[in-house]
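So you can see what is in the structure, the chains are spelled out below.
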Amino acid sequence: MTIEISNVTKWFALPDGSEAQALADTSFSVADGEFVVIVGPSGCGKTTILNMMAGLIMPTAGAITIDGRPIDGPGIDRGVMFQDYALFPWRSVEGNVGFALEHGPAGAAMDEAARARRITATIALVGLKGSEHKYPHQLSGGMRQRVAFARLLAYGPKVLLMDEPLAALDAQTRTILQEELLRVWGQALPAAERRTVVFITHAIDEAVFLADRIIVMGNGPGHVRDIVAVDLPRPRGDATRVDPRFQELVQKIWSQIKNEAYRAATA
Amino acid sequence: MGGLLIPLALPAVLVASWQALGEAFGGVRMPLPSRVVVEGVALFASGELPSAMLQSLGRVFSGFLIAAVLAIPLGILMGTVRVVERNLDPLVESFRPVAAIALLPMAILWLGTGTPAAVMLVAYAAFFPILVNTIAGAKSVDRNLVNAAATMGLAPRAILRNVILPGAVPQIAVGLRVGLGIAWTAIVAAELAVGAKSGGGGSGGIGQMMFVFYAYSIELSRIVVCMAAVGVVSLTLDWLVRRGTRRLLKWKAT
Amino acid sequence: MAPVVVYLRTMAVFALVWWAAALLTGNPMLLPDPLRVARAVVDVAVDGELLAHAAISVVRLTASLAIAAAVTVPLGLAMGTSRTLERVVDPIVEILRPISGIAWIPLALFIFGVGHGLPIFIMAYTAAFPLLLGTIAGAKNVDRRLVDAARVMGLDRAAIMRRVVIPAALPSLLVSLRLGVASGWTAVIAAELVGAPNGLGYAISWYREMLVTPKVIAFIAMVGVSGYLYDLALRRLNDWLTPWAVDTGARL
């Protein structure tokens, strides 16, 4: 599934009647099976672009296509991991993971037994075996993130759109989950079998660790500053982080964002 | 023992004073705690009190059920689809301040002084708290949950049933509690008013029984027995709703 | 589209449906058509009845609210700040609260007879509970740190009550006042239906007995309008007294 973002502009109406421009003439593409990360300072339109790819909002101008077809709404080919996970609090882990299969078109062709098998397998895949019957409020942040991820994997959209999924976690959990994410995504698999991922983060080291390519965005209004290819070898792990090339890339991107981030922090 | 002493102190003092002052200064009709207890036992044993209570309760549950069946789906719809809410809101806001009891004469005109009118009034009274709370509950559902379901391919109706409705349940439960309390007050009021207007005949139920005791009985302690019964039922109903909805809400973080 | 326009459009549709229903039942005593009711409204408005009865009910409500507040606000503040007092008084409150004001009517009829005293007692009683509980909650929820700050600044108990507790509890108090009005207003009508010589509840009952249904509906509508306006006035009062409080949009 290739996604093409072409000259997308987005204006939002503000409560006081005026308009704010979130994105200006933004263009980039995402190739099939690629892990693309979008980094940028706050307010550069990262979430807006993701929501547009998800089909939850429409561009004011420009087009977003998937495999050549324009995106006109949400669909089961594009799964979203929201910033706060959006787990259904009234359903258990099992209930959340199986939600799309039970109530959506994805599970229509499956019978009860097949669904149950898929759910169990997915829960095991993300490392949550034993917690099937727990409710979200009983889970830690890291566990909730895994449930949200499992929910996507269970019905298997071709494209995964992830909005700062690890932002709310502590640094240690975050590091662990970055590797978990790559494992589940299939970094050990041949490229053809991987899903397409578009991932948003603030953390540059996270971006470099995960990505095949990084879209560096800037503010005022949101636009693409640079596109950086990450040529670090896969599979990635602890060794990657101490690779000199890793630090080079981090510094290169940081120097681009630095001024804007500084301005935002002292505004 | 000491822990029980303080809470019981004031009620005990008040009851004792009531008994003493009533015996000394009250007339022959004066209700007294001692007589309240005696009459209470008698009314229970004779079956009069239980049957009146059951009659009132039957009306309350019927009216309450009707109100819930109407208000919850409508509330979900109004809380989710802005157009529906905007257009129906004038009607809701115009009728809500009209206390159910004000409609009693109309209800009697249309349905007579019996159970149908009582049920209609209870349904009307309970309808608004349930509706208002259901709307609030539907609105309170996190937009991201709706979005998540949309990206999973659910059609709008499926989203209403599987996301909005379960998400609104805590607030709906509040509405049901308030609604049931209002329903109980409404039925007592309606039965009382009908009893008063028709000179004691017709409606049945505990409200009417209270009025009959007032109008025709020498033993006014019976009124106090009824009042106590009203209070006990009120507490029990509230407890029932809370127990009933607690199971539905076990997913809520305490 | 402006809210007023939407309001009028919805009510117009409602009036049409009503008209159709009135035509179908064909019995003006059972269901008079909107025009007849409109004429009745004009009649009772012009001859002053509408306003007179409404004024009486409103005055009763206000008087009973004042009485209720005079008793419950000091009591609530005291109970909210003194654990012992709360433990002593609370049982009585919890015993009496489930017994609705309406249930007191027969006993109150015995004590007060028919007249002004009855509705006011019932309404004051009904409004007292939400008001009391709201005041207690408001007093309890006063941020301890505000109280400590005041003590550090040297204020004595009375001053703390006046300068810290009351303003901090005021928003909660006013919300519970609105709740008290809602149930008090219902109690007005009920009490007037049963045992008062005037007021909206009385008018409704009287015209029903006279079988002048259009006027019954006119007064019922007045119950709604008055109730709405009273709540509106309270909301304005709320905003004026406590501009710092956020309107949670609490509806009853």
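Below: a short report on this structure. (Residues numbered from 1 in each chain as written. Chains lettered and ligands numbered in written order. Predicted model: local features only at pLDDT ≥ 70, side-chain atom pairs only at ≥ 80, totals over all residues.)

### Observations concerning the overall build of chain B
Stated precisely, the cut-off is as follows: For the purposes of this entry, the term helix denotes a DSSP run of H or I that reaches at least four residues, the term strand denotes a run of E that reaches at least two, and both are numbered from the N terminus. Radius of gyration: C-alpha atoms only; globule rule: 2.2 Å multiplied by the number of residues to the exponent 0.38. Residues with at least 20 neighbouring C-beta atoms inside 10 Å of their own are called buried, those with 12 or fewer are called exposed, and the rest are partly exposed, where every C-beta is derived from the backbone. The contact criterion used is a C-beta to C-beta distance within 7 Å, with each C-beta placed from the backbone.
Within chain B, the secondary structure is distributed over 10 helices and zero strands. When its helices and strands are written in sequence order, chain B yields α-α-α-α-α-α-α-α-α-α. In terms of C-alpha radius of gyration, chain B reaches 23 Å, well past the compact-globule figure of 18 Å for 254 residues. Taking the principal axes of its C-alpha atoms as reference, chain B extends roughly 75 × 55 × 30 Å. Scored against the burial criterion, the 254 residues of chain B give a buried share of 48%. For chain B, the share of sequence-separated contacts (at least 6 apart) that also reach a separation of at least 24 residues comes to 71%.

### Here's the deal with the packing of helix α4 (residues 82–95) of chain B against helix α1 (residues 3–25) of chain C
Quick reminder of the rule: Lines fitted to C-alpha atoms define the axes here, with helix axes fitted over just the stretch in contact, and angles between the N-to-C directions of these axes take values from 0 to 180 degrees. Each angle is binned into one of four classes, with values under 35 degrees roughly parallel, values over 145 roughly antiparallel, values of 65 to 115 roughly perpendicular, and all other values oblique. In a left-handed crossing the near helix is turned counterclockwise from the far helix by less than a right angle, and in a right-handed crossing that turn is clockwise.
The geometry of α4(B) relative to α1(C) is characterised by a closest axis approach of 8 Å and an angle of 70° between their N-to-C directions. Considering the angle they form, α4(B) stands roughly perpendicular to α1(C). For the element pair α4(B) and α1(C), the recorded crossing hand is right-handed. Packed against α4(B), whose contacting residues are R86(B), N87(B), L88(B), P90(B) and L91(B), the element α1(C) presents V6(C), Y7(C), T10(C), M11(C) and F14(C) at the interface.

### Things to note about the interface of chain C and chain B
The test is simple: Residue classes follow a fixed rule: Ala, Val, Leu, Ile, Met, Phe, Trp, Tyr, Cys and Pro count as nonpolar, while Asp, Glu, Lys and Arg count as charged, and any other residue, Gly among them, counts as polar.
Counting residues at the interface gives 42 residues for chain C and 44 residues for chain B. Those elements giving two or more residues to the side of chain C that touches chain B turn out to be α1, α4 (83–96), α5 (105–112), α8 (157–195), α9 (200–209) and α10 (213–241) of chain C. Looking at the side of chain C that touches chain B residue by residue, the class counts come to 30 nonpolar, eight polar and four charged.

### Observations regarding the sheet that holds strand β3 (residues 35–39) of chain A
Residue and element names in this part refer to chain A. How we decide: Should DSSP find at least two bridges between two strands, the strands are taken to pair.
One open sheet holds the six strands; their spatial order is β6-β7-β8-β3-β9-β10, and the pairing between them is mixed. Pairing within the sheet leaves two strands with one partner each, and these edge strands are β6 (78–81) and β10 (223–229). Averaged over all pairs of adjacent strands, the angle between their axes in this sheet comes to 20°, without regard to strand direction. Bridge analysis of strand β9 (residues 213–218) against β10 gives six bridges, and the strand direction is antiparallel. Bridge assignment links M217 to a residue of β10, and that residue is V224.

### Some remarks on the nonpolar core
So the rule is basically this: Connectivity within a nonpolar core runs through C-beta atoms within 7 Å, and the core itself is a set of buried Ala, Val, Leu, Ile, Met, Phe, Trp, Tyr and Cys residues. By convention here, the domain bounds are inherited from an automatic or database domain assignment.
Ranked by size, the top nonpolar core spans 226 residues in total, and within it I101(B), L121(B), V122(B), A126(B), A183(B), A186(B) and A193(B) carry the most contacts. Take this core: its biggest share by element is 21 residues, from helix α8 (residues 156–197) of chain B. Each of two domains, domain 1 (3–77 + 158–266) and domain 2 (85–156) of chain A, supplies a minimum of three residues to this core. In contact with A193(B), other than residues within four places in its own chain, are I101(B), L104(B), A190(C), L193(C) and V194(C).

### Quick word on the packing of helix α2 (residues 33–45) of chain B against helix α10 (residues 221–248) of chain B
Each pair of packed helices gets described by two things: the angle between the helix axes and the distance between those axes. Residues and elements named next belong to chain B. At a minimum axis separation of 8 Å, α2 and α10 run at an interaxial angle of 70°. With respect to their mutual orientation, α2 and α10 come out roughly perpendicular. Residue-level inspection shows R35, V36, E39, G40 and L43 of α2 in contact with α10, the latter providing S221, R222, V224 and V225. Its residues placed into classes, the contact of α2 with α10 shows four nonpolar, two polar and three charged.

### Describing the arrangement of the chains
Looking across the two pairs of chains in contact, one finds the most contacts between chains B and C. In this structure chain A stays clear of chain C, and the shortest span between their C-alpha atoms is 16 Å.

### Description of the interface of chain A and chain B
Many analyses report the size of an interface as the accessible area lost when the parts associate. Listed as interface residues are 23 residues of chain A and, on the opposing side, 15 residues of chain B. Put simply, the parts of the chain that give the side of chain A that touches chain B at least two residues each are β6 and α3 (99–103) of chain A. Looking at side-chain class alone, the side of chain A that touches chain B contains 16 nonpolar, five polar and two charged residues.

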